[in-house]
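So you can see what is in the structure, the chains are spelled out below.
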Amino acid sequence: MDRENLTARGWSHVLSTTGDVAELEAFRKRVGAPPQALHLENRRWPHLDLKLEARDRALAHPGVRVFERTPEMLRFLKGLRVSTADATPDRKRNRPPPAPGSANR
């Protein structure tokens, strides 16, 4: 979560580290934000836009990591996605070796 959206004072973005829409929806309800707070237009970055009491509740939530600026939050999330992709095994590396005498593709 960013502390405040610099282009829209009084608002904050909340993103899931995994892009999980169900997690965002549950959090939206937990902090008392209206359904319109959930934005799904950008499939890469589904998010909540929070203001007023819902924003204050989210900022105070112990499970929320707060970033001072939106770009810091996005760099963090992009880094998580890169490290997750690096941890995913490459299919070629996990293939069994070719049988003797077979063509190596």
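Notes on the pairing of strand β3 (residues 47–51)
Part 1 of the reasoning: Extensive coverage of β3 is indicated by the burial of four of its five residues.
Part 2 of the reasoning: Sheet topology note: the strand β1 (residues 11–15)/β3 ladder contains five bridges and is antiparallel. Bridge pairing links Trp11 to Lys51 in β3.
Part 3 of the reasoning: As paired strands, strand β2 (residues 38–39) and β3 are joined by two bridges and run antiparallel to one another. Residue pairing across strands places His39 opposite His47, the latter belonging to β3.

Some remarks on the sheet that holds β3
Part 1 of the reasoning: As summarised here, the arrangement of the three strands in space is β1-β3-β2, forming an open sheet in which the pairing is antiparallel. Of all strands in the sheet, those with a lone pairing partner are β1 and β2, marking the two edges.
Part 2 of the reasoning: Contacts from helix α1 (residues 21–31) reach β1, β2 and β3, with the element oriented near 15° to β3.
Part 3 of the reasoning: Set on the sheet, helix α2 (residues 52–60) makes contact with β1 and β3; between it and β3 the angle comes to about 110°.

Section: α2
Part 1 of the reasoning: Of all the positions in α2, only Ala54, Arg55 and Ala58 are classed as buried. The buried residues of α2 occupy an angular sector of 100° when projected down its axis, which confines them to one face. In α2, the exposed positions angled more than 90 degrees off the buried face are occupied by Leu52, Glu53 and Ala60.
Part 2 of the reasoning: On its buried face, α2 sits against β1, α1 and β3.

Thoughts on the side chain of Ser12
Part 1 of the reasoning: With respect to the helices, strands and loops of the structure, Ser12 is situated in strand β1.
Part 2 of the reasoning: Among the polar contacts listed, one links the side chain of Ser12 to the side chain of Arg55, at a separation of 2.8 Å.
Part 3 of the reasoning: In this view, Ser12 contacts Met1, Asp2, Arg3, Glu4, Asn5, Leu48, Asp49, Leu50 and Arg55; residues no more than four positions away in its chain are not counted.

A look at the nonpolar core
Part 1 of the reasoning: Ranked by internal contacts, the top residues of the largest apolar core, which has 13 residues, are Val14, Phe27, Val31, Ala33, Leu48, Leu50 and Ala58.
Part 2 of the reasoning: Listing elements by their share of this core, those giving two or more residues are α1, β3 and α2.
Part 3 of the reasoning: Of all the elements, α1 adds the most residues to this core, at three residues.
Part 4 of the reasoning: Counting five residues, the second largest nonpolar core, distinct from the first, contains Leu15, Trp45, Phe67 and Leu77.

As for the pattern of salt bridges
Part 1 of the reasoning: Applying the stated criterion to the full structure yields four salt bridges.
Part 2 of the reasoning: Put simply, Glu68 and Arg3 hold a salt bridge, and the shortest N to O gap is 2.9 Å. Of the two residues, Glu68 sits in the loop between α2 and α3 (70–87) while Arg3 sits in the segment before β1, which places them 65 residues apart along the sequence.
Part 3 of the reasoning: Relative accessible area serves as the criterion here: at 36%, Arg3 is assigned to the partly exposed category.
Part 4 of the reasoning: Taking the shortest distance from any N to any O, the salt bridge between Glu25 and Arg28 comes out at 2.6 Å. Taken together, the positions of Glu25 and Arg28, both in helix α1 and three residues apart, correspond to about one turn of that helix.
Part 5 of the reasoning: You can call Glu25 partly exposed: its relative accessible area is 24%.
Part 6 of the reasoning: The class of Arg28 is buried, set by a relative accessible area of 7%.
Part 7 of the reasoning: Counted as one network, the salt bridges with shared partners bring together Glu25, Arg28 and Lys29.

Definitions and limits used
Residues numbered from 1 in each chain as written. Predicted model: local features only at pLDDT ≥ 70, side-chain atom pairs only at ≥ 80, totals over all residues. Heavy atoms only, no water. Buried < 20%, exposed > 50% of the residue type's maximum accessible area, 1.4 Å probe, protein only. Helix = DSSP H or I, 4+ residues; strand = E, 2+ residues; numbered from the N terminus. Pairing = 2+ DSSP bridges. Contact = heavy atoms within 4.5 Å. Axes fitted to C-alpha atoms, helices over the stretch in contact; angles between N-to-C directions. Arc of directions from axis to C-beta. Polar contact = N/O pair within 3.5 Å; in protein donor to acceptor, adjacent residues only side chain to side chain. Core = buried A, V, L, I, M, F, W, Y, C linked by side-chain atoms within 4.5 Å. Salt bridge = Lys/Arg side-chain N within 4 Å of Asp/Glu carboxyl O.

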